[in-house]
Amino acid sequence: MTPQTRIRPTGVTILAVLSGIAGVLALLVGLAAIGLAGVAAGTIGGQQGAAVGGLVVVGGLIAFVYGALSLAFAYGAWTLKAWAWLLGMAAQVLSLVGSALQVAGGASVGSVVVSVLIAIGILYYLNTAGVRTAFGRA
């Protein structure tokens, strides 16, 4: 079956649109953080300001990369590229790892429950027979 003859499931369309929106927002947040890192450093001043500015840049870069990956998944899911299924799976596994790290870092379990449930739901959905077939997975 070629990608042109496959029918995109409604859930994949929803994931693609939401991922596209999240990707654009994350790119904007990343660019803003990188651009404002100097302001944060200058406001605080000294070594502490430099450290805060550096952390803001790192956070901005992480947000920027997340945004780019989200946009890549959105495109791949919309066009039913086989690699997008793998990217979606990897993103949800990383989300679960991030949630575990948040709890290990002192966050309450209750604060990460929603993100864990969403990640598990998406992992389950991506592994349903119809979705796997749509992405060209056996």
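Above this text you will find the structure in question.
None of these values were measured; they are calculated from a predicted model.

Attention shifts here to the overall build of the protein chain. Looking only at helices and strands, the protein chain has five helices and zero strands in total. The secondary structure elements of the protein chain, listed N-terminal to C-terminal, are α-α-α-α-α. Expected size for 138 residues packed as a compact globule is a radius of gyration near 14 Å; at 18 Å, the protein chain overshoots this value by more than 25%. Out of the 138 residues in the protein chain, the part that is buried amounts to 28%. Here the contacts in the protein chain between residues at least 6 apart in sequence split such that 71% fall between residues at least 24 apart. Approximately 8,100 Å² of the protein chain is accessible, and the part contributed by carbon and sulfur atoms is 77%.

Right, let's talk about unusual backbone geometry for a bit. Across residues other than glycine, the phi torsion is negative in most instances, and most of the peptide bonds are trans. Notably, Leu-80 is not glycine yet its phi reads approximately 55°, a positive angle. Counting through the fold element by element, Leu-80 comes out in the loop between α2 (46–78) and α3 (82–104).

Now for the packing of aromatic side chains. Scanning all chains against the criterion turns up one aromatic pair. A cation over an aromatic ring shows up here: Arg-8 above the ring of Trp-78, its NZ or CZ 3.8 Å from the ring centre.

With 35 residues, helix α1 (residues 10–44) extends 49 Å between its outermost C-alpha atoms, agreeing within 8% with the 51 Å of an ideal straight helix rising 1.5 Å per residue. For α1, the principal kink sits at Leu-36 and spans about 40°. Buried residues of α1: Val-12, Leu-15, Ala-16, Ser-19, Gly-20, Gly-23, Ala-26, Leu-27, Gly-30, Ala-33, Ala-37 and Ala-41, and no others. Buried residues belonging to α1 abut α2, α4 (109–126) and α5 (129–134).

Quick look at the nonpolar core now. Counting residues in each nonpolar core, the largest one holds 15 residues, and the members touching the most others are Val-12, Ala-77, Leu-126 and Phe-135. When sequence neighbours within four positions are dropped, the list of residues in contact with Val-12 reads Ala-77, Leu-80, Tyr-125, Val-131 and Phe-135.

The next subject is the environment of Ser-115. Here Ser-115 shows up in helix α4. On the basis of relative accessibility, which here comes to 29%, the residue Ser-115 falls in the partly exposed class. Distance in space between the C-alpha atoms of Ser-115 and Ser-95 is 7.6 Å, their sequence separation being 20 residues. A distance of 3.0 Å separates the side chain of Ser-115 from the backbone oxygen of Val-112, its partner in a polar contact.

On to the packing of α1 against α2, then. Interhelical geometry of α1 versus α2 gives an angle of 165° and a closest axis separation of 7 Å. For the element pair α1 / α2, the angle class is roughly antiparallel. For α1 against α2, the interelement crossing comes out left-handed. When the residues that make up the contact of α1 with α2 are grouped by side-chain class, the tally is 30 nonpolar, 12 polar and no charged.

Moving on: the environment of Gly-35. Mapped onto the fold, Gly-35 is located in helix α1. Between the alpha carbons of Gly-35 and Leu-71 there is a distance of 21 Å; along the sequence they are 36 residues apart.

Here is what the cut-offs are and how they apply
- Throughout, residues of each chain are indexed from 1 in the direction in which the sequence is written.
- Side-chain atom pairs in this predicted model are given and counted only at pLDDT of 80 or more, local residue features only at pLDDT of at least 70, and totals for whole chains, interfaces and linings cover all residues.
- Computation of side-chain values: all heavy atoms of the structure, hydrogens and water removed.
- Under the scheme used here, helices are H or I runs from DSSP no shorter than 4 residues and strands are E runs no shorter than 2 residues, and both carry numbers assigned from the N terminus.
- Based on C-alpha atoms, the radius of gyration is set beside the globule rule, defined as 2.2 Å times the residue count to the power 0.38.
- For every residue, the accessible area (1.4 Å probe, protein chains only) is compared with the maximum for its type, and the residue is labelled buried under 20%, exposed over 50%, or partly exposed between those bounds.
- When checking whether two residues touch, look at their non-hydrogen atoms; a contact exists if any pair is within 4.5 Å.
- Only the protein chains shown count as covering a residue, and every accessible area follows the Shrake-Rupley method with a 1.4 Å probe.
- Between the rings of Phe, Tyr and Trp (Trp by its six-membered ring), a pair exists once the centres lie within 6.5 Å; its type follows the angle of the planes, with under 30 degrees stacked, over 60 edge-to-face, and the other angles tilted.
- Geometrically, a lysine NZ or arginine CZ counts as sitting over a ring once it is within 6 Å of the ring centre and also within 35 degrees of the ring normal.
- A helix is expected to reach a length of 1.5 Å times the quantity of its residues less one.
- The angle between axes fitted to the seven-residue stretch ending at a residue and the seven-residue stretch beginning at it gives the bend at that residue.
- For this analysis, a nonpolar core means a set of buried residues of the types Ala, Val, Leu, Ile, Met, Phe, Trp, Tyr and Cys, connected via side-chain atoms within 4.5 Å.
- Counting of polar contacts relies on pairs of N or O atoms within 3.5 Å, with two restrictions inside protein: one atom must be capable of donating a hydrogen and the other of accepting it, and residues adjacent in sequence are counted only when both atoms are side-chain atoms.
- Here an angle of 0 to 180 degrees is reported between the N-to-C directions of two axes, which are lines fitted to C-alpha atoms, with helices fitted over the stretch in contact.
- If an angle is under 35 degrees, it is roughly parallel; if it is over 145, roughly antiparallel; if it lies from 65 to 115, roughly perpendicular; otherwise it is oblique.
- Crossing handedness: left-handed means the near helix sits turned counterclockwise from the far one by under a right angle, and right-handed means the same turn made clockwise.
- Polarity classes work like this: nonpolar for Ala, Val, Leu, Ile, Met, Phe, Trp, Tyr, Cys and Pro, charged for Asp, Glu, Lys and Arg, and polar for all others, with Gly in that last group.

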